[in-house]
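Per-entry structural report
One letter stands for each residue in the lines below.
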Amino acid sequence: MSQKKVEIAGAGLAGLALGTRLAQLGWKVVLHERADDLRMFGSGIWLWDNGLKALKILGAYDKAVANARKIREWRIEDGNGGLLMSQILLGEGRDRLLLPPRADLYEALIERAGYYGVEVHTSSVATAVRKEGVLVMESGEERRADLVVVADGAYSRLRESLFATAWMDYGVEGGFRLLVDHREGDPTDVITEWWSGPWRVMFNPCTDGSDYVYLGGPVGEDRARVIPVEVDFWAEKFPAAGDLFTRVDTASRWDRIVNVRLREWSSGRVAIVGDAANAMPPNLGQSANMAFSNAMALAMAVDGCALDDIPGALREWEARQRPLTDHVQWWSYIYNLVLGKWPTSFMPLRSDLVRLVAGMEWFNAGLFRGARHTPAGYDTRD
Ligand SMILES: Cc1cc2nc3c(=O)[nH]c(=O)nc-3n(C[C@H](O)[C@H](O)[C@H](O)COP(=O)(O)OP(=O)(O)OC[C@H]3O[C@@H](n4cnc5c(N)ncnc54)[C@H](O)[C@@H]3O)c2cc1C
């Protein structure tokens, strides 16, 4: 039997994970990256049990989390330190959350992609896809494959050449991601998220040497996105965060949080994964984790079928994976509305409401439904 071939556009976390998995299953994989080299923007990343299991499948787990902190508790407090939510994570039967530097995760995936023989083309820009299995490059070259995958991120240029976007929302929040030096006395296993009106700050323990800080605020407010970061403004708003702001690198990068929903995740021999298909606010720390789960399932779906059946296998893949992805996306979106759109005059009510629901079983089940998913192909003996 001849080797099946896939062309993937985008070597972010989704494209790399999918390419590596298909190569592991024996496919010839060509991965195109628009940038000149494979690079990951800094800071940390939440990896939940579903994402960690996907990394196990790929053999990338050990390297990805070698320096990661194991998180025991995820807390939300108001700006002055009053508790709104506490989720205890470590321990028997609890939800596993590790927090490595993003660069470690990316390096681990690159290493596995190389190990399985994924062919990576950098400075390689795709401009369109066609459903019979064609990836069109900026040079005009048309590359045919049994499967073509769009993984070019939230602002995907390729999805419009095939997939009608059902909903794209620029969201209510933008934020800075920064690494700060770890200091004696900083928490090593507790994530703290402080809310003050529509503003928030998160402290994420990351490695022995540095921690990951997120500063988020309304997109319409200059101070939420101005660089250099206005340290005094943030310090005044979040007294409970102590001296954190004196340590941030004020020349940070600002990202806008977007939501993307498509009518379909595939058309003919073309599929779409990662933020290109379902970008969501990062509130549950699930976006990349879901991309990993969806990539593992996609690989299993197409690997187990005859070449002619790939379009049908892609539709079945979507039918299986999409309800969970939609669930996580909606929860992330609503979380953002509660944070960013709550009427100012009813803020005390918001605090009471968050405190109330945070302890409820249905809330807990909904919050962690994505994290509790086992990706296709995971061997439970691992
Ligand atoms: C503030 C913030 C915090 C987050 N925190 C978490 C978290 O803790 N946990 C979590 O699971 N998720 C988190 N996420 C989400 C996570 O970062 C994304 O889901 C993930 O990086 C998406 O990966 P991707 O491969 O789909 O897209 P991208 O990372 O955007 O990769 C797309 C790649 O495609 C390339 N490309 C683009 N166009 C083309 C083209 N035409 N041809 C070829 N290549 C192209 C790009 O250069 C890029 O390398 C966070 C997001 C934000 C904004």
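**Digging into the sheet that holds strand β12 (residues 147-150)**
- An order of β8-β2-β1-β12-β21-β20 is seen for the six strands of this open sheet, with the pairing classed as mixed. Both outer strands of the open sheet, β8 (119-121) and β20 (266-267), are each paired with one neighbouring strand and no more.
- Where β20 lies against strand β21 (residues 270-272), two bridges are found, and the strand directions are antiparallel. In the sheet register, Ser-267 faces β21, and the bridge partner there is Val-270.
- Here helix α1 (residues 13-24) sits on the sheet and contacts β1 (5-9), β2 (28-32) and β12; the angle it forms with β2, its principal contact strand, is near 165°.

**Some thoughts on helix α2 (residues 49-58)**
- Within α2, nine of the ten residues are buried, which leaves the element mostly enclosed by the surrounding structure.
- Within α2, burial applies to Asp-49, Asn-50, Gly-51, Leu-52, Lys-53, Ala-54, Leu-55, Ile-57 and Leu-58.
- Within two residues after α2, Gly-59 carries a phi angle of roughly 75°, on the positive side.

**Some remarks on α1**
- The end-to-end C-alpha separation of α1 is 16 Å, in line with the 16 Å expected for twelve residues at 1.5 Å each.
- Looking only at α1, the buried set comprises Leu-13, Ala-14, Gly-15, Leu-16, Ala-17, Leu-18, Gly-19, Thr-20, Arg-21, Leu-22, Ala-23 and Gln-24.
- Residues of α1 that are buried in the fold lie against β1, β2, α2, α4 (102-115), β12 and α7 (287-303).
- Gly-26 lies just past α1 and shows a positive phi near 105°.

**Observations regarding the domain arrangement of the protein chain**
- Domain boundaries in the protein chain define domain 1 (5-42 + 102-170 + 259-342) and domain 2 (173-256).
- Computed from C-alpha atoms alone, the centre-to-centre distance between domain 1 and domain 2 is 30 Å.
- Facing seven residues of domain 1, the contacting portion of domain 2 comprises eight residues.

**A short note on the site of the ligand**
- Lining the immediate surroundings of the ligand are 35 residues, of which Gly-10, Gly-12, Gly-153, Gly-274 and Ser-287 lie closest.
- Elements that contribute at least two residues to the shell around the ligand include exactly α1, β14 (173-181), α6 (275-278) and α7.
- Ranked by residue count, the leading element in the shell around the ligand is α7, at four residues.
- Here the shell around the ligand is built from residues that sort into 17 nonpolar, eleven polar and seven charged.
- Shared between two domains, the shell around the ligand takes at least three residues from each, and those domains are domain 1 (5-42 + 102-170 + 259-342) and domain 2 (173-256).

Conventions we followed
- The written sequence of each chain sets the order in which its residues are numbered from 1.
- At least 70 in pLDDT is required for a residue's local features to be given in this predicted model, at least 80 for side-chain atom pairs to be given and counted, and no such filter applies to totals for whole chains, interfaces and linings, which use all residues.
- When DSSP finds two or more bridges between a pair of strands, those strands are recorded as paired.
- Note on conventions: DSSP H or I runs of at least 4 residues are helices, E runs of at least 2 residues are strands, and numbering of each starts at the N terminus.
- Our contact criterion uses C-beta atoms placed from the backbone: two residues qualify when those atoms are within 7 Å.
- Only the stretch in contact is used when a helix axis is fitted, and all axes are lines through C-alpha atoms; the angle between N-to-C directions ranges over 0 to 180 degrees.
- Exposed residues have 12 or fewer other C-beta atoms within 10 Å of their own C-beta, buried residues have 20 or more, and residues in between are partly exposed; the C-beta atoms are placed from the backbone.
- Here, expected helix span is obtained from the residue count minus one, scaled by 1.5 Å.
- As annotated, the domain borders come from an automatic or database domain assignment.
- By definition, a residue lies near a molecule or strand provided its backbone-derived C-beta atom is within 6 Å of it.
- Residues are sorted three ways: Asp, Glu, Lys and Arg are charged, Ala, Val, Leu, Ile, Met, Phe, Trp, Tyr, Cys and Pro are nonpolar, and all the rest, Gly among them, are polar.

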